[in-house]
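What follows is the residue order along each chain.
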Amino acid sequence: MKTAGGSEAAKRRAGERAAEEVEDGFVVGLGTGSTTAHAIRALGRDVEAGLEIRGIPTSFQSRQLALEVGIPLTTLDAVDGVDLAIDGADQVVDDPDAGDDGALIKGGGAAHAREKLVDAAADRFVVVADPSKLAGRLERPVPVEVVPDAHTVVADRIRAFGGEPTLREAVEKDGPVVTDNGNIVLDCAFGAIEDPDGLAGSLSQIPGVLEHGLFVGLADVTYVGSEDGVERRVY
Ligand code: 5RP
């Protein structure tokens, strides 16, 4: 599920600041969503001006946009490594005193499985956000991508450890949202999440779960765009 908040100007500032980290020759992970789209457009302009990079898209959406703006593309299995990944988030822990500062909930666009693959493979993972995404503690429902046949058994397992799963329904299609991988998504409410790392481990162990949207200990920096500038959080 997407957050409603966040101005386009704030998202643009964050995205464009992140794109400035990209250097000539880089392999770049291209995240998904409206904030990352600003970074992809900025990189497209840089490519037009002579920057040589290769992008690895994390979704149909980011692939389409990268093609549109002229970023040469590659795949994870065709490169030696990913220098930097830029990606958005639905919620970011913003508390330097918390052990989980910089932990994320992702998957509002149902792209978190490929996003985690690429973001985790990167030498440096740069998050782009606006202030509406910041929170003292993760508390949004956690998107869980599930093999379709497994959705009832996965939902039972999630209820057993205190979650409330809801099948994500499509808006302009009957039935559920179907991910780029052909799976479906359970948005799982846990209330305020005290131990994101522990919950991440528990979700990963459920047979039928392809990937969940808790990204713990992965982000290196978050650029938070606002109406008048960009703040940087380093982890
Ligand atoms: C997609 C994601 C997105 O990065 C997340 O939903 C943020 O998107 P936006 O920048 O549009 O708010 O995780 O699965």
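Not measured: the values here are computed from a predicted model. Sequence order as written defines residue numbering, which begins from 1 separately in each chain. In keeping with the predicted nature of the model, local features appear solely for residues at pLDDT of at least 70, side-chain atom pairs appear and are counted solely at 80 or more, and the whole-chain, interface and lining totals rest on all residues. To get the side-chain values, all heavy atoms of the structure are used, and hydrogens and water are removed first.

**Section: the overall build of the chain**
Put simply, the test is: Numbering of helices and strands runs from the N terminus, with a helix taken as a DSSP run of H or I at least four residues long and a strand as a DSSP run of E at least two residues long. Residue burial is assigned from relative accessible area. The probe radius is 1.4 Å, only protein chains are included, and a residue is buried under 20% of its type maximum, exposed over 50%, and partly exposed in between. A contact between two residues is defined here by any heavy atoms of the two lying within 4.5 Å. The accessible surface values rely on the Shrake-Rupley method and a 1.4 Å probe; as for residues, cover is taken only from the protein chains in view. A positive count includes Lys and Arg, and a negative count includes Asp and Glu. His and the chain ends are not counted in either. By convention, the charge on Lys lies at NZ, on Arg at CZ, on Asp at CG and on Glu at CD.
Scanning the chain from N- to C-terminus turns up six helices and 14 strands. Here the C-alpha coordinates of the chain stretch approximately 55 × 40 × 35 Å along the principal axes. Split into buried and exposed, the 235 residues of the chain put 49% on the buried side. The long-range share in the chain, meaning contacts at least 24 apart out of those at least 6 apart in sequence, stands at 74%. Accessible area of the chain: about 10,500 Å², with a carbon and sulfur share of 47%. Placing the 22 positive and 42 negative side-chain charges of the chain at their respective mean positions leaves the two points 3 Å apart.

**Looking at the side chain of asparagine 183**
Test applied: Between N or O atoms, a polar contact is any pair within 3.5 Å; within protein, one atom must be a potential hydrogen donor and the other a potential acceptor, and residues adjacent in sequence are included only when both atoms are from side chains.
Along the chain, asparagine 183 turns up in the loop between β9 (164–167) and β10 (184–189). Within the structure, the side chain of asparagine 183 is placed 2.9 Å from the side chain of glutamate 145, a separation counted as a polar contact. Residue contacts for asparagine 183: discarding those within four places in its chain leaves Glu145, Val146, Val147, Pro148, Val177, Val178 and Leu210.

**Overview of the domain arrangement of the chain**
Put simply, the rule reads: For the domain bounds, the source is a domain assignment made automatically or taken from a database. Joining two parts hides part of their accessible area as seen by a 1.4 Å probe, and the buried area is that hidden amount summed over both. When a carboxyl oxygen of Asp or Glu is within 4 Å of a side-chain nitrogen of Lys or Arg, the pair counts as a salt bridge. Each residue gets one label: Ala, Val, Leu, Ile, Met, Phe, Trp, Tyr, Cys and Pro are nonpolar, Asp, Glu, Lys and Arg are charged, and the others, such as Gly, are polar.
Domain boundaries in the chain define domain 1 (8–136 + 216–234) and domain 2 (142–208). The C-alpha-based centres of domain 1 and domain 2 are spaced at 24 Å. Across the contact, 13 residues belong to domain 1 and 14 residues belong to domain 2. When residues of domain 1 are sorted by the area they lose upon contact with domain 2, Ala110, His112 and Val216 head the list and together hold 42% of the total. At the junction of domain 1 with domain 2, the criterion picks out zero salt bridges. Joining domain 1 to domain 2, the criterion identifies six residue pairs in polar contact (both at pLDDT 80 or more). The biggest single contributor to the side of domain 1 that touches domain 2 is helix α4 (residues 112–121), with three residues. Partitioned by chemical class, the residues of the side of domain 1 that touches domain 2 number five nonpolar, five polar and three charged.

**What to know about the environment of proline 141**
Inspection of the secondary structure puts proline 141 in the loop between β7 (134–135) and β8 (142–146). Sequence-wise, proline 141 and glycine 213 are 72 residues apart; in three dimensions their C-alpha atoms are separated by 9.2 Å.

**A few points about the packing of aromatic side chains**
Test applied: Two rings from Phe, Tyr or Trp (for Trp, the six-membered ring) form a pair when their centres sit within 6.5 Å of each other. Planes less than 30 degrees apart are called stacked, planes more than 60 degrees apart edge-to-face, and all others tilted. Only when the NZ of Lys or the CZ of Arg is both within 6 Å of the ring centre and within 35 degrees of the ring normal is a charge said to sit over the ring.
Per the stated rule, a full pass over the model turns up one aromatic pair. An angle of 5° between the planes, with centres 6.3 Å apart, marks the rings of phenylalanine 161 and phenylalanine 190 as stacked. Of the two residues, phenylalanine 161 is situated in the loop between α5 (151–160) and β9 and phenylalanine 190 in the loop between β10 and α6 (196–204); the sequence distance between them amounts to 29 residues. Given the relative accessible area of 33%, phenylalanine 161 is considered partly exposed. Take phenylalanine 190: its relative accessible area is 17%, and that puts it in the buried class. The ring of phenylalanine 215 is capped by lysine 106, whose NZ or CZ atom sits 5.6 Å from the centre of that ring.

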